[in-house]
Amino acid sequence: MCSAGKSDLKDFLAIDDFDTETIKKILDKASEVKALLKSVERNYLPFKGKSMSMIFAKPSMRTRVSFETGFFLLGGHALYLGPNDIQMGKREETRDVARVLSRYNDIIMARVFAHQVCR
């Protein structure tokens, strides 16, 4: 996720940005969510009414499918933006892209060639 000015949230840019305890909490929460998704009721929808822009400077079928499907299963809507839709650093500066997308979306995820693009 590229930083877009929401200072109360922690952007997840690299695993090294978090301490071991935080990573363990994230993995524990992921296990809980996975169990809820496998339940018969399937009414765990924490992202209901939320949207996520998915920026793909570096195309990846597995990343796209996993994020799009996962966000849908959690109640949200994911919007795919491919290399021809957004050319960060070429057509528009990364900061401007993040600012605009953050106005319309609750989450921005980015599959890029280098993490420096999002810092």
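Structure's up top.
Rules of the game
- Residues numbered from 1 in each chain as written.
- Predicted model: local features only at pLDDT ≥ 70, side-chain atom pairs only at ≥ 80, totals over all residues.
- Heavy atoms only, no water.
- Salt bridge = Lys/Arg side-chain N within 4 Å of Asp/Glu carboxyl O.
- Helix = DSSP H or I, 4+ residues; strand = E, 2+ residues; numbered from the N terminus.
- Buried < 20%, exposed > 50% of the residue type's maximum accessible area, 1.4 Å probe, protein only.
- Phe/Tyr/Trp six-rings, centres within 6.5 Å; stacked < 30°, edge-to-face > 60°.
- Lys NZ or Arg CZ within 6 Å of the ring centre and 35° of its normal.
- Core = buried A, V, L, I, M, F, W, Y, C linked by side-chain atoms within 4.5 Å.
- Contact = heavy atoms within 4.5 Å.
- Patch = residues over 30% accessible without salt bridge, like charges linked within 9 Å, V, L, I, M, F, W, Y side chains within 5 Å.
- Areas by Shrake-Rupley, 256 points an atom, 1.4 Å probe, with all protein chains shown as cover.

Visitor: Residue-level account of the pattern of salt bridges, with values.
Guide: Enumeration over the complete set of coordinates arrives at four salt bridges. Its salt-bridge partner being Lys29, residue Glu32 comes within 3.9 Å of it at the nearest N-O pair. Here Glu32 pairs with Lys29, and both are found in helix H1 (residues 20-38), just three residues apart, close to one helical turn. Residue classification places Glu32 among the partly exposed positions, given a relative accessible area of 47%. Taking the relative accessible area as the measure of exposure, Lys29 reaches 43% and is therefore partly exposed. Between Arg99 and Asp96 there is a salt bridge, with the nearest N and O atoms lying 2.9 Å from each other. Here Arg99 pairs with Asp96, and both are found in helix H3 (residues 94-104), just three residues apart, close to one helical turn. The exposure class assigned to Asp96 is partly exposed, which follows from its relative accessible area of 32%.

Visitor: Describe the packing of aromatic side chains, naming the residues involved and giving the relevant values.
Guide: As enumerated under the stated definition, the model contains three aromatic pairs in all. Seen in terms of ring centroids, Phe12 and Phe18 are 4.8 Å apart; in terms of plane orientation they differ by 25°. Their pairing is stacked. You can call Phe12 partly exposed: its relative accessible area is 39%. Arranged with centres 5.2 Å apart and planes meeting at 35°, the rings of Phe56 and Tyr80 form a pair that is tilted. Remark: Tyr80 occurs in strand E2 (residues 77-81) and Phe56 occurs in strand E1 (residues 51-56); sequence separation between them is 24 residues. When the ring centre of Tyr80 is taken as reference, the NZ or CZ atom of Arg64 above it lies at 3.8 Å.

Visitor: Got a sec to walk through the nonpolar core? Specific residues and values, please.
Guide: Counting eight residues, the largest nonpolar core is built from Ile55, Leu81, Ile86, Met88, Val97, Leu101, Ile108 and Val112. For Ile86, the contacting residues outside a window of four places in its chain are Ile55, Leu81, Arg91, Val97 and Leu101. Counting six residues, the second-largest nonpolar core is a separate cluster that includes Met54, Phe56, Phe71 and Met109.

Visitor: Help me get a handle on a nonpolar patch on the surface, residues and values and all.
Guide: On the surface, a cluster of nonpolar side chains totalling about 260 Å² of accessible area is made up of Phe12, Ile15 and Ile26. Considering the arrangement of structural elements, one finds Phe12 in the segment before H1.

Visitor: Tell me about the environment of Leu79, and please be specific about residues and values.
Guide: Positionally, Leu79 belongs in strand E2. Residue class for Leu79 comes out partly exposed when judged on its relative accessible area of 39%. Sequence spacing of Leu79 and Asn105 is 26 residues, and the spatial spacing of their C-alpha atoms is 9.3 Å. The contact partners of Leu79, leaving out residues within four places of it in the chain, are Met52, Ser53 and Met54.

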